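Fold and geometry: a report
The lines below spell out each chain.
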Amino acid sequence: MEFIDNLPPMDLMRSEKMTFVQLIIPVESAHRAVSYLGELGLLQFRDLNADKSPFQRTFVNQVKRCGEMARKLRFFKDQVSKAGLISSAHPDLQPDIELEELEIQLSEHEHELLEMNSNSEKLRQTYNELLEFKMVLQKASGFLVSSKSHAVVEERELDETAYSKDRYVETASLLEQEMGPGPSNQSGLRFVSGIICKSKALRFERMLFRATRGNMLFNQATADEHIMDPVSTEMIEKTVFVVFFSGEQAKTKILKICEAFGANCYPVPEDMTKQRQITREVLARLSELEATLDAGIRHRNKALSSIGFHLMKWMNMVRREKAVYDTLNMLNFDVTKKCLVGEGWCPIFAKPQIQEALQRATFDSNSQVGIIFHVMDAVESPPTYFRTNRFTNAFQEIVDAYGVARYQEANPAVYTVITFPFLFAVMFGDWGHGICLLLGALVLIARESKLSSQKLGSFMEMLFGGRYVLLLMSLFSIYCGLIYNEFFSVPYHIFGGSAYKCRDATCSNANTVGLIKYQDTYPFGVDPSWRGSRSELPFLNSLKMKMSILLGVTQMNLGIVLSYFNARFFGSSLDIRYQFVPQVIFLNSLFGYLSLLIIIKWCTGSQADLYHVMIYMFLSPTDNLGENQLFWGQRPLQIILLLLALIAVPWMLFPKPFILKKLHSEVVLVSFCVTFFLS
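As annotated in an unreviewed UniProt entry, the protein is V-type proton ATPase subunit a from Vitis rotundifolia. Regarding the protein, the relevant UniProt record gives this comment under Function (unreviewed entry): "Essential component of the vacuolar proton pump (V-ATPase), a multimeric enzyme that catalyzes the translocation of protons across the membranes. Required for assembly and activity of the V-ATPase."

Looking now at the overall build of the protein. Of regular secondary structure, the protein possesses 21 helices and 13 strands. Here the protein holds 679 residues, and the buried ones make up 37% of them. Intrachain contacts of the protein at a sequence separation of at least 6 include 76% that bridge at least 24 residues. Here the protein has roughly 40800 Å² of accessible surface; of this, 59% comes from carbon and sulfur atoms.

In this structure, the largest pocket spans a volume of roughly 630 Å³. Taken together, 20 residues line the largest pocket, and the ones lying closest to its centre are Val-526, Trp-530, Phe-539, Leu-543 and Trp-602. Elements that contribute at least two residues to the lining of the largest pocket include exactly α17 (536–570) and α18 (573–604). With seven residues, the top contributor of residues to the lining of the largest pocket is α17. For the lining of the largest pocket, a count of residues per class yields 12 nonpolar, four polar and four charged.

On to the UniProt feature "coiled-coil region" (unreviewed entry) in the protein. The UniProt record marks residues 97–126 with the feature "coiled-coil region" (unreviewed entry), using the residue numbering of this structure. Along residues 97–126 one finds 93% helix and 0% strand; the C-alpha atoms at either end are 41 Å apart.

The phi dihedral of Gln-408 falls on the positive side, at around 70°, and the residue is not glycine. Turning to its location among the elements, Gln-408 is positioned in the loop between α11 (393–402) and α12 (413–427). Within the chain, Ser-489 stands out as a residue other than glycine whose phi angle is a positive 70°. Mapped onto the elements of the fold, Ser-489 is located in the loop between α16 (467–484) and β12 (500–501). Residue classification places Ser-489 among the partly exposed positions, given a relative accessible area of 46%.

Moving on, we get to the packing of aromatic side chains. Going through the model one piece at a time under the given rule, you end up with 22 aromatic pairs. With 6.0 Å between their ring centres and 65° between their planes, Phe-204 and Phe-218 make a pair best called edge-to-face. Residue Phe-204 is found in helix α7 (residues 201–211), and its partner Phe-218 is found in strand β4 (residues 217–222); the two are separated by 14 residues along the sequence. A relative accessible area of 0% means that Phe-204 is categorised as buried. Considering the side-chain rings of Phe-422 and Phe-476, the 5.4 Å spacing of their centres and the 85° angle between planes classify their relative orientation as edge-to-face.

Enumeration according to the criterion identifies two cavities of 30 Å³ or more in this entry. By volume, the second largest cavity amounts to about 50 Å³. Its residues placed into classes, the lining of the second largest cavity shows six nonpolar, one polar and two charged.

Moving on, we come to the environment of Val-584. Mapping Val-584 onto the fold places it in helix α18. According to the relative accessible area criterion, Val-584 is partly exposed, its value standing at 25%. Between the alpha carbons of Val-584 and Ile-560 there is a distance of 7.0 Å; along the sequence they are 24 residues apart.

Counting buried residues in strand β10 (residues 339–347) gives nine out of nine residues, a clear majority hidden from the surface. Neither face of β10 is left uncovered, since the one carrying Cys-339, Val-341, Glu-343, Trp-345 and Pro-347 and the one carrying Leu-340, Gly-342, Gly-344 and Cys-346 both have all their residues buried. Two strands pair when backbone bridges link them, and strand β1 (residues 18–26) and β10 are joined in this way by nine bridges, in the antiparallel orientation. Paired with Ile-24 across the strands is Val-341, a residue of β10. As paired strands, strand β2 (residues 44–46) and β10 are joined by three bridges and run antiparallel to one another. Looking at β10, one finds that Phe-45 is bridged to Gly-344. Pairing of strand β9 (residues 332–333) with β10 involves two bridges; the strand directions are antiparallel. Among the inter-strand pairings, Asn-332 is bridged to a residue of β10, identified as Val-341.

Now for the pattern of salt bridges. For the structure shown, the criterion picks out 22 salt bridges. For Arg-71, the salt bridge identified is with Glu-68, shortest N-O distance 2.6 Å. A residue pair is termed a helical-turn pair when its members lie 3 or 4 positions apart in one helix, as Arg-71 and Glu-68 do in helix α3 (residues 60–82) at three residues. Residue class for Arg-71 comes out partly exposed when judged on its relative accessible area of 32%. Among the residues examined, Glu-68 registers a relative accessible area of 35% and is labelled partly exposed. In this structure, Lys-82 engages Asp-78 in a salt bridge whose closest nitrogen and oxygen atoms are separated by 3.6 Å. Of this pair, Lys-82 and Asp-78 both sit in helix α3, separated by four residues, roughly a single helical turn.

Here we take up the sheet that holds strand β3 (residues 189–197). Overall, antiparallel pairing links the four strands, which are arranged β4-β7-β3-β8 in an open sheet. The open sheet has two edge strands with one neighbour each: β4 and β8 (264–265). As judged from the nine bridges shared by β3 and strand β7 (residues 238–246), these two strands associate in the antiparallel manner. Considered in β7, the bridge of Phe-191 is made with Phe-244.

Rules and cut-offs
Residues numbered from 1 in each chain as written. Predicted model: local features only at pLDDT ≥ 70, side-chain atom pairs only at ≥ 80, totals over all residues. Heavy atoms only, no water. UniProt positions renumbered as here; feature names shortened; annotations may be inferred. Helix = DSSP H or I, 4+ residues; strand = E, 2+ residues; numbered from the N terminus. Buried < 20%, exposed > 50% of the residue type's maximum accessible area, 1.4 Å probe, protein only. Contact = heavy atoms within 4.5 Å. Areas by Shrake-Rupley, 256 points an atom, 1.4 Å probe, with all protein chains shown as cover. 1 Å grid on protein atoms, 1.4 Å probe; cavity = no way out; pocket = protein on both sides within 12 Å on 5 of 7 lines; lining within 4 Å. Points joined across faces, edges and corners; volume = space filled by probe spheres on them. Nonpolar A, V, L, I, M, F, W, Y, C, P; charged D, E, K, R; others polar. Phe/Tyr/Trp six-rings, centres within 6.5 Å; stacked < 30°, edge-to-face > 60°. Pairing = 2+ DSSP bridges. Salt bridge = Lys/Arg side-chain N within 4 Å of Asp/Glu carboxyl O.

Dropping the structure here:
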């Protein structure tokens with residue numbers, strides 16, 4: 001115990017020592033002080049207004065303003081992205097502006113962009129209507145010409161006397177009645193032309209057929225050009241249609257169906273001269289609108305480029321201001337309403353830095369009263385803070401993802417720096433893959449300064465954050481790959497020739513009978529001759545499985561040893577006696593003993609079956625081991641270890657809860673007695 005007491009206190013491997021502090025900040029320097037402390041990042045404020053809702057706090061209006069500015073900036077970012085422009089990732093060199101001035105600028109930019117978007121949508125809508133009108137004129141004129149030529153042919157084939165019969169009106173088609181000589185029917189053949197989305201054309205035709213009871217003629221043709229939706233900017237494929245019908249009621253039904261399906265109807269004159277004249281007018285207006293739209297897009301892109309140049313700076317500024325006011329809302333006003341009072345936790349080593357930041361805030365805000373910073377006593381447990389750097393930060397985040405250690409507990413991330421990448425390498429050891437991973441990690445590290453200032457995607461951000469994890473994983477993968485002798489799953493004679501050779505010159509029975517050993521063992525790693533041999537899988541799987549057991553038991557013992565140092569640091573003899581000791585006994589009586597058998601078997605070359613040894617250690621501990629005996633005195637040792645493991649289970653589970661319950665009852669009784677006598 002004297003040796004253990006003389007061990008270093010593991011200060012570097014524990015969370016930082018924290019202290020509870022109080023700040024009394026004059027109102028005129030509060031904003032700057034909180035901003036400087038936020039940049040330092042070494043003080044965690046405690047919420048003194050936890051009983052108030054967010055809308056009852058002092059700086060709620062400033063938070064709302066920052067939220068509104070953040071909304072406008074998200075709108076600008078979305079517009080820049082839709083325009084295909086790239087916002088500047090480099091910091092703006094212009095001097096900082098005040099929040100009020102930024103708010104005015106953002107409002108002006110938003111009003112300008114909304115007005116430009118509205119005008120652009122109206123122009124685009126007009127342009128789409130003219131473009132649809134042009135396509136309807138082109139396609140519908142073809143339908144009308146074909147219908148007239150069809151009527152002339154039919155007129156020549158029909159008997160001239162047929163038109164004089166009274167029953168002709170009942171038996172002839174609508175088109176024949178319209179084109180036939182003689183007095184025209186008052187209800188005459190009419191048509192409606194328009195354009196509709198291609199996806200709705202089939203349902204549209206069916207609905208027209210049912211509504212008119214088949215008394216119509218539907219012609220359609222796919223439009224030559226796609227129409228751009230002014231809202232979603234998607235290109236939509238459309239179909240031009242012409243519906244021939246007779247009667248006012250049919251026209252009313254058709255127009256209502258067109259409105260229901262979102263079809264746009266356009267008037268097409270039957271006179272070809274008028275059609276050509278209207279087409280020329282439409283083409284002229286389309287040309288003018290195209291020029292106007294191009295000019296509007298250039299003006300809009302110019303404005304968006306100007307916004308995009310400052311966008312990242314503005315977003316960072318608004319985000320910082322919102323964080324400052326959220327923190328100020330955690331502070332309380334004193335009785336004079338002239339100072340803000342804040343409480344929080346900070347590492348002991350950071351007190352000089354915090355005091356220097358507060359002094360700088362007082363000087364920069366021209367305050368006549370300094371900020372008071374003093375240490376206080378606290379009943380609650382301090383938060384856990386681990387000091388990290390760019391190398392250890394990723395490992396600390398991996399550990400924190402499973403759970404954050406208690407205050408002043410030993411930090412598992414220190415050991416994870418080695419164990420995590422090494423266990424990865426044990427599973428995926430291949431020095432070919434390791435080299436590829438190493439090159440990728442070196443590229444990320446070499447471009448560290450450039451990539452850290454850029455906006456990365458979620459996947460690239462994850463890779464960049466774990467660049468040093470990838471580096472160690474690749475190095476350990478190369479090492480384990482050399483041990484496994486695998487280069488993209490292919491063995492190589494790196495460290496000399498194999499220790500085995502074929503029994504004859506033909507090597508015909510190498511995979512069936514096996515090889516013979518003719519020289520010393522391969523100097524490093526797995527002999528390449530194991531690859532492709534008949535015992536490859538049993539040998540390599542056994543090697544990797546046994547090595548995994550050794551590493552796993554070692555890591556579990558490391559965790560238990562750390563629990564001892566934690567219990568010793570907190571002065572908890574209860575945890576040492578009823579948690580650490582039985583855990584060590586139970587783990588090493590079973591799995592530690594298995595690890596010992598694996599090492600002895602490797603060293604002696606024994607053919608003992610370890611599965612049989614461990615199973616019958618529980619089922620028949622007193623039986624003779626026979627050929628599975630690895631050393632003298634193995635059977636009585638197994639009986640002793642089995643008894644120790646059985647004793648350790650109740651020792652580990654039952655005493656501690658009852659002792660804690662007893663201590664809790666005593667504390668409750670003492671507090672009750674004290675309260676009773678004081679009252």
